[in-house]
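Residue-level structural notes
Letter by letter, the chains look like this.
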Amino acid sequence: MHGYIDCHCHISAGDFDQDVEDVIENSKKAGLLALLAVAEHAGEFTKIIELSQRFSGFIFPCLGVHPVQEGSPEQQRSVSLRDLDAALPVIEKYKDQLVAVGEVGLDFTPRFVSSESDKENQKQVLILQAQLAKALDLPL
């Protein structure tokens, strides 16, 4: 079978709430074999798991904490260890269903990072998620 795999997709975004079935069907018609649904924060985790169950064999879940967290579209901030603490129990709960830990990384864009401690927090969150991925034997 030939086709494509979208290895970084935000299918849990609210933009897709009204037409997710159409998006999935059109993706399949275009030759997509699978979507890896990545998270940005713990608030998306349950939705990603539900989508992966609803579209089993097509949507595969990746749970992780992005370096930039969004309180609202106008209010974005650097990730904190508290954000990761909120995510870890949910990742643990669904660890056997995950195909990767993500979306993770570093983002030192000045409008998100206001201090060296913000940078250090991002580094620590990334290190801890890398250790988690290794412990779960999952890609990061």
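Our subject is the structure listed above.
Quick look at the structure, then. (Residues numbered from 1 in each chain as written. Predicted model: local features only at pLDDT ≥ 70, side-chain atom pairs only at ≥ 80, totals over all residues. Heavy atoms only, no water.)

1. Comments concerning the sheet that holds strand S1 (residues 4-9)
Spatial ordering of the open sheet is given by S1-S2-S3, a layout of 3 strands whose pairing is parallel. Of all strands in the sheet, those with a lone pairing partner are S1 and strand S3 (59-62), marking the two edges. The average undirected angle you get between the axes of adjacent strands in this sheet is 20°. Here strand S2 (residues 32-38) runs beside S3; their pairing, made up of 4 bridges, is parallel. Across the sheet, the residue bridging to valine 38 is cysteine 62, located in S3. Its contacts with the sheet put helix H2 (residues 45-54) on S2 and S3, and the angle it makes with S3 is roughly 155°. (Pairing = 2+ DSSP bridges. Helix = DSSP H or I, 4+ residues; strand = E, 2+ residues; numbered from the N terminus. Axes fitted to C-alpha atoms, helices over the stretch in contact; angles between N-to-C directions. Contact = heavy atoms within 4.5 Å.)

2. What to know about the nonpolar core
Among soluble globular proteins, nonpolar side chains are generally buried collectively. With 29 residues, the main nonpolar core has Ile11, Ile24, Leu35, Ile59, Leu63 and Ile91 as its most contacted residues. Within the residue set of this core, elements represented by two or more residues are helix H1 (20-29), S2, H2, helix H3 (81-94) and helix H4 (116-136). Contact partners of isoleucine 11, with chain neighbours within four places excluded, come to Phe16, Val20, Val23, Ile24, Leu35, Ala37, Leu51 and Ile59. (Core = buried A, V, L, I, M, F, W, Y, C linked by side-chain atoms within 4.5 Å. Buried < 20%, exposed > 50% of the residue type's maximum accessible area, 1.4 Å probe, protein only.)

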